[in-house]
Amino acid sequence: MTAILGISAFYHDSAAALVIDGRIVAASQEERFSRLKGDAAFPVAAIESCLDQAGLGVEDLDYVGFYEKPLLKFDRLLDTYLSYAPEGHRSFQQAMPGWLGGKLRIGRQMRLELGGKYRKRFLYCQHHQAHAASAFYPSPFEVASILTIDGVGEWATTTIGVGRGERIELLREIRFPHSLGLLYSAFTAFCGFRVNSGEYKLMGLAPLGQPRFTDLILEKLVDVKPDGSFRLDMRYFSYCQRLMMTSPRFHRLFAARPRSPEEEVRELDRDLAASIQRVAEIIIDRLIEHLVNTTGCRDVCLAGGVALNCVANGRLIGRRAVDRLWVQPAAGDAGGSLGVAMMIWHQWLGNARVPMADDAMGGALLGPAQTTCEIRQSLAARGAHFTEMADDQLDDRVAQLLADGKVVAWVQGRMEFGPRSLGNRSILADPRSPSMQQTLNRKVKRRESFRPFAPAVLSERVHEDFDVPRHYVNPYMTAVVQVRREGSLVAVGSGSPSMSTKPRAADTVPRALPAVTHRDHSARVQTVDRERFPRFYRLLEAFDRRTGCPVLINTSFNVRGEPIVNTAEDAHRCLMATEIDALAIDRFLLLKRDQPAVEPVWSPPAVEKPRPLLASPPPPRWLGASLALVITMVTWTLLAGWLTMPLLLAIQALALTLAIVYHAHERSQKRIAHFVTWITSPVRRLLLAVALWLLYYGVLTPIGVSLRWLGRDPLNRSPDPAAESYWHAVDSAHTVEDAFRLY
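Counting restarts for each chain: residues are numbered from 1 in the order of the written sequence. Given that the model is predicted, a residue must reach a pLDDT of at least 70 before its local features are reported, and side-chain atom pairs must reach 80 or more before they are shown or counted; all residues, however, enter totals for whole chains, interfaces and linings. With hydrogens and water excluded, all non-hydrogen atoms of the structure serve as input to the side-chain values.

Visitor: What is the right way to read the overall build of the chain from this model?
Guide: In this text, helices come from DSSP runs of H or I with a minimum length of four residues, and strands from runs of E with a minimum of two, each type numbered from the N-terminal end. A count of helical and extended segments in the chain gives 23 helices and 23 strands. In terms of overall dimensions, the chain is globule-like: its C-alpha atoms have a radius of gyration of 28 Å, near the 27 Å expected for 743 residues. Its C-alpha atoms give the chain principal-axis dimensions of roughly 100 × 70 × 55 Å. Whether a residue is buried, partly exposed or exposed follows from its accessible area with a 1.4 Å probe, protein chains only, as a fraction of its type maximum: under 20%, in between, or over 50%, in that order. The buried share among the 743 residues of the chain stands at 55%. Using a 1.4 Å probe, accessible areas were evaluated by the Shrake-Rupley method; residue-level cover was limited to the displayed protein chains. Accessible area of the chain: about 31,300 Å², with a carbon and sulfur share of 55%. Note on charges: Lys and Arg go in the positive column, Asp and Glu in the negative column, and His and the chain ends are not counted at all. Lys charges are placed at NZ, Arg charges at CZ, Asp charges at CG and Glu charges at CD. Separation between the mean location of the 88 positive side-chain charges and that of the 78 negative ones in the chain comes to 4 Å. In this setup the radius of gyration rests on C-alpha atoms only. A globule is expected at 2.2 Å times the number of residues raised to 0.38.

Here it is in structure tokens:
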């Protein structure tokens with residue numbers, strides 16, 4: 001048995017994935033355990049969960065992989081500060097302590113975080129290699145074109161490549177600071193949403209506006225070549241050197257200031273959202289055409305944060321360039337943990353790959369599940385009133401509640417991996433209700449009123465209500481499709497290896513589904529099949545029997561600002577803090593009206609102080625003796641003339657006692673170390689700030705100014721109208737050993 005742990009951490013959405021003998025056994029995001037949205041800290045709880053599911057300990061691991069190369073990323077940071085110095089000092093001061101404090105010694109830190117129990121080698125792959133691996137290896141394709149797009153990894157922001165069998169080869173890349181992900185995030189921030197979590201809000205806002213700024217964006221902000229390569233005009237952006245995304249020039253271009261999160265959404269914000277969404281679709285379309293022309297393969301895999309743009313993905317369905325499309329459901333940084341683990345199995349160890357007929361993600365149901373006994377005990381401990389039922393009875397009861405217009409939280413089996421709830425940690429409702437979309441947004445999710453909801457539909461019935469062929473498959477909500485209208489034709493499309501690409505006339509009258517139909521008549525559909533989602537499939541069948549409708553609203557079981565629920569305790573807390581009518585968890589049904597009031601009404605989450613990204617090293621053994629020596633020297637050199645001999649001897653005795661206690665008592669070590677840290681931290685922070693100031697203005701600034709005076713710009717910050725392409729060839733590693741080293 002070969003057990004491989006993949007880790008992504010220290011930026012956002014940290015996660016862990018466990019692969020045993022090439023099979024994906026478990027994968028989880030740290031936020032589900034810490035309850036901190038987008039938690040970037042080392043995924044200690046996620047790792048523990050993955051190992052528990054496999055019955056392993058840290059010492060049983062054969063390989064541990066990290067999803068990027070920290071030294072290569074640090075090289076990019078230094079080049080960025082050189083390019084912008086003397087601007088960027090505040091950003092430099094904020095970034096460097098974390099790097100100097102542990103990220104540059106990532107192997108030591110990971111060994112520390114793993115409790116010192118892992119003594120073998122750590123392996124590292126590049127960020128976009130991890131994305132590519134997470135997309136290709138679990139896909140159903142023997143050979144596939146691969147496109148990865150996100151904010152930034154080490155240097156790459158976009159890559160194209162090809163996967164064949166067990167090998168992945170990245171061919172070309174676009175480099176920082178030119179990034180479609182960061183371009184989209186800049187508009188996200190300008191429109192008042194949070195970067196790295198609000199991009200999907202901007203995507204949902206886009207259908208409410210007019211893309212009247214599309215030409216202006218393409219003329220001023222980004223130069224897009226026919227082959228899809230692009231370059232930004234960095235005068236309009238400040239994410240390289242300041243702690244914000246857009247510059248004053250950007251604000252003048254649109255004659256407005258950034259929207260505050262508390263303000264009402266402006267018409268300008270709606271139109272900007274529509275415009276940048278259109279630009280993103282144009283760029284992705286060209287990238288896909290260039291990718292397929294380069295590789296000659298029309299089966300395409302997508303990963304990276306931008307691959308979660310389901311509207312752009314929907315445009316790819318039915319395009320002549322693409323036969324089949326597979327998007328990694330955990331396409332963001334969390335999926336990098338899975339990618340590096342799969343890379344180690346196939347490319348480091350050289351194991352053959354046998355594609356599965358559907359895919360190897362197992363419905364993305366890779367997280368932990370509580371037992372019936374654990375759930376019963378947890379609910380009882382919280383004073384919950386519940387009824388235990390057989391599975392078929394529970395399905396019928398929940399179907400009746402949904403048919404009666406109730407909102408039901410549904411928690412079953414293993415937690416999903418990735419940002420989507422797929423029927424195991426979901427809030428469900430009737431999509432036929434005209435008022436349900438507003439009800440869910442206002443009373444349950446407590447989020448912006450324009451946000452749409454996704455439909456989950458029995459896979460064999462999807463063509464009845466949506467413009468797709470009969471055998472359309474999209475189990476992970478990775479693309480939008482059009483909701484059918486009476487007399488409409490089914491659009492050409494693809495999404496599964498067996499899908500027909502020929503349109504056919506509609507043969508049923510579609511239902512009215514106002515609660516899942518967005519302003520542009522689109523919906524992000526999840527097809528539910530019996531093999532991947534047996535429990536959720538049976539519930540949809542029960543609802544269909546009662547109503548004749550095989551569709552349910554499926555949205556994530558959480559409220560704004562919080563991660564998706566994990567445990568029974570999380571689920572009960574969310575039930576009591578919202579206006580959800582019922583909770584069906586495992587074999588238990590809880591009706592909200594029967595519950596004692598054990599929690600206050602939900603309020604927006606307070607801004608929590610983030611956890612440390614890196615663990616503190618254990619207190620050094622020599623600290624006690626050092627303290628005793630310092631106290632002795634101060635006492636006899638500075639205080640001898642002021643204190644009596646008995647008092648001097650008493651202080652000396654206390655110092656010796658401190659050294660002995662520190663050496664012999666572990667709990668005292670931690671307390672004394674924390675006290676010393678608290679006393680000395682202001683001085684250390686001051687010294688570090690001064691040292692960084694001197695380094696930035698005394699070293700980096702003169703070098704950076706000299707380079708610019710010589711006409712050298714390592715970032716190529718401006719578009720080049722004369723250039724035919726902005727693609728860079730990917731530096732191929734000469735050996736497998738080179739590909740997995742630290743830099």
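Visitor: I would appreciate a short explanation of the pairing of strand S21 (residues 582–585) in the present structure.
Guide: Side-chain direction in a regular strand flips from residue to residue, so the side chains alternate between the two faces of the sheet. Side chains of S21 alternate between two faces, with Ala 582 and Ala 584 and Leu 583 and Ile 585 buried alike. The pairing criterion is simple: DSSP has to find at least two bridges between the two strands. Across 4 bridges, strand S14 (residues 408–411) lies against S21 in parallel orientation. Looking at S21, one finds that Val 411 is bridged to Ile 585. Sheet analysis places S21 next to strand S22 (residues 588–591), joined by 4 bridges and oriented antiparallel. Bridging across to S22, Leu 583 finds its partner in Leu 590.

Visitor: Explanation requested: the packing of aromatic side chains in the structure shown.
Guide: To describe a pair of aromatic rings, one takes the distance between the centres and the angle between the planes. Working definition: a ring pair exists when centres of Phe, Tyr or Trp rings (six-membered ring for Trp) sit within 6.5 Å. Plane angles under 30 degrees give stacked, over 60 give edge-to-face, the rest tilted. For the structure shown, the criterion picks out 25 aromatic pairs. Geometrically, the ring pair formed by Phe 66 and Tyr 67 is edge-to-face, given 5.3 Å between the ring centres and 80 degrees between the ring planes. Under the relative-accessibility criterion, Phe 66 is labelled buried at 1%. With relative accessibility at 1%, the residue Tyr 67 sits in the buried group. Between Trp 348 and Phe 740 the ring centres are 5.4 Å apart and the planes differ by 75 degrees, which places this aromatic pair in the edge-to-face class. Linking Trp 348 in helix H13 (residues 334–348) with Phe 740 in the segment after helix H23 (736–739), this pair joins segments that are 392 residues apart in sequence. Looking at Trp 348, the relative accessible area reads 21%, which means it is partly exposed. Of the aromatic side chains, those joined through ring pairs into one cluster are Phe 176, Phe 187, Phe 190, Phe 213, Phe 237, Tyr 239, Phe 250 and Phe 254. Directly above the ring of Phe 176 sits Arg 76, whose terminal nitrogen or CZ lies 4.7 Å from the centroid. Look at NZ for Lys and CZ for Arg. If either is within 6 Å of the ring centre and within 35 degrees of the ring normal, a charge sits over the ring.

Visitor: I'm lost on helix H15 (residues 391–403) in this one. Help?
Guide: Three or four residues apart is the spacing at which side chains of an α-helix point the same way, because the helix has 3.6 residues per turn. Between its first and last C-alpha, H15 extends 18 Å over 13 residues, near the 18 Å set by a 1.5 Å rise per residue. Buried residues of H15: Leu 394, Asp 395, Val 398, Ala 399, Leu 401 and Leu 402, and no others. Along the axis of H15, the buried positions cluster into a sector of 160 degrees, meaning they face one direction only. Residue contacts are defined here by distance: any two heavy atoms, one from each residue, within 4.5 Å place the two residues in contact. Buried residues belonging to H15 abut S14, strand S15 (425–429), helix H18 (534–547), strand S20 (551–556), S21 and S22. Helix span, expected: 1.5 Å multiplied by one less than the number of residues in the helix. The arc refers to the directions leading from the helix axis to the C-beta atoms.

Visitor: What is the right way to read the nonpolar core from this model?
Guide: Nonpolar side chains tend toward joint burial in soluble globular proteins. Only buried residues count toward a nonpolar core, which is a set of Ala, Val, Leu, Ile, Met, Phe, Trp, Tyr and Cys residues joined through side-chain atoms within 4.5 Å. One finds Phe 466, Phe 557 and Ile 585 to be the most contacted residues of the largest nonpolar core, which totals 137 residues. Sort the elements by how many residues they give to this core and H13 lands first, with 8 residues. Among the nonpolar cores identified, the runner-up in size contains 65 residues, and Trp 155, Ile 160, Leu 180 and Phe 187 belong to it.

Visitor: I would appreciate a short explanation of helix H11 (residues 267–295) in the present structure.
Guide: A rise of 1.5 Å per residue sets the reference length of H11, with its 29 residues, at 42 Å; its end C-alpha atoms lie 42 Å apart and thus fit the reference within 8%. Where burial is concerned, most of H11 is hidden: 21 out of the 29 residues are buried.

Visitor: Mind showing me how you'd approach the pairing of strand S3 (residues 23–29) here?
Guide: By the criterion of burial, S3 is predominantly enclosed, with 6 of the 7 residues buried. Here 6 bridges tie strand S2 (residues 15–20) to S3, and the two strands are oriented antiparallel to one another. Across the sheet, Ala 16 pairs through a bridge with Ser 28, a residue of S3. In sequence, S2 turns back onto S3 through a hairpin of 2 residues, with Asp 21 there showing a positive phi of about 50 degrees.

Visitor: Teacher, can you tell me more about the pattern of salt bridges here?
Guide: Salt bridges are defined by distance alone: a side-chain nitrogen of Lys or Arg within 4 Å of a carboxyl oxygen of Asp or Glu. All told, the structure shown has 35 salt bridges when counted by the stated rule. Taking the shortest distance from any N to any O, the salt bridge between Lys 201 and Glu 448 comes out at 3.4 Å. A residue pair is termed long-range when its members are at least 10 positions apart, and Lys 201 in helix H8 (residues 199–205) and Glu 448 in the loop between helix H16 (436–444) and strand S16 (454–458) qualify at 247 residues. The class of Lys 201 is buried, set by a relative accessible area of 15%. One salt bridge in this structure joins Glu 541 and Arg 530, with 3.3 Å as the shortest N-O distance. In this pair, Glu 541 sits in helix H18 while Arg 530 sits in the loop between strand S19 (526–528) and H18, placing the two residues 11 residues apart along the sequence.

Visitor: Would you mind going over a nonpolar patch on the surface with me for this structure?
Guide: By definition, no residue in a patch forms a salt bridge, and every one has over 30% relative accessible area; like charges are joined within 9 Å, nonpolar side chains (Val, Leu, Ile, Met, Phe, Trp, Tyr) within 5 Å. A contiguous nonpolar surface patch, about 490 Å² in accessible area, is contributed by Leu 686, Val 690, Trp 693, Leu 694 and Tyr 697. Examined against the element boundaries, Tyr 697 turns out to sit in helix H22 (residues 666–709). Judged by relative accessible area, Tyr 697 falls into the partly exposed class, the value being 30%.

Visitor: So what exactly am I meant to see when it comes to the sheet that holds S19 here?
Guide: Note on sheets: strands pair through backbone hydrogen bonds, and any given pair is parallel or antiparallel. The 8 strands are arranged S13-S22-S21-S14-S15-S20-S16-S19 in an open sheet whose pairing can be described as mixed. Among the strands making up the open sheet, the edge pair consists of strand S13 (387–388) and S19. Direction of pairing for S16 relative to S20: antiparallel, over a ladder of 4 bridges. Note on S20: the bridge partner recorded for Ala 454 is Asn 554. Axis lines are fitted to C-alpha atoms, over the contacting stretch for helices. Their N-to-C directions set the angle, which ranges from 0 to 180 degrees. In the packing of H16 onto the sheet, the strands contacted are S15 and S20, and the crossing angle to S15 comes to about 135 degrees.

Visitor: How should the environment of Ile 146 be read in this particular structure?
Guide: Its location among the elements puts Ile 146 in strand S6 (residues 143–149). Accessibility expressed as a relative area gives 0% for Ile 146, which makes it buried. For the pair Ile 146 and Arg 397, spaced 251 residues apart in sequence, the C-alpha to C-alpha distance is 45 Å. Leave out the neighbours within four places in its chain, and Ile 146 touches Ala 132, Phe 136, Thr 159, Ile 160, Gly 161, Val 162, Gly 163, Ile 168, Leu 291 and Cys 301.

Shape descriptors only; they carry no functional weight alone.
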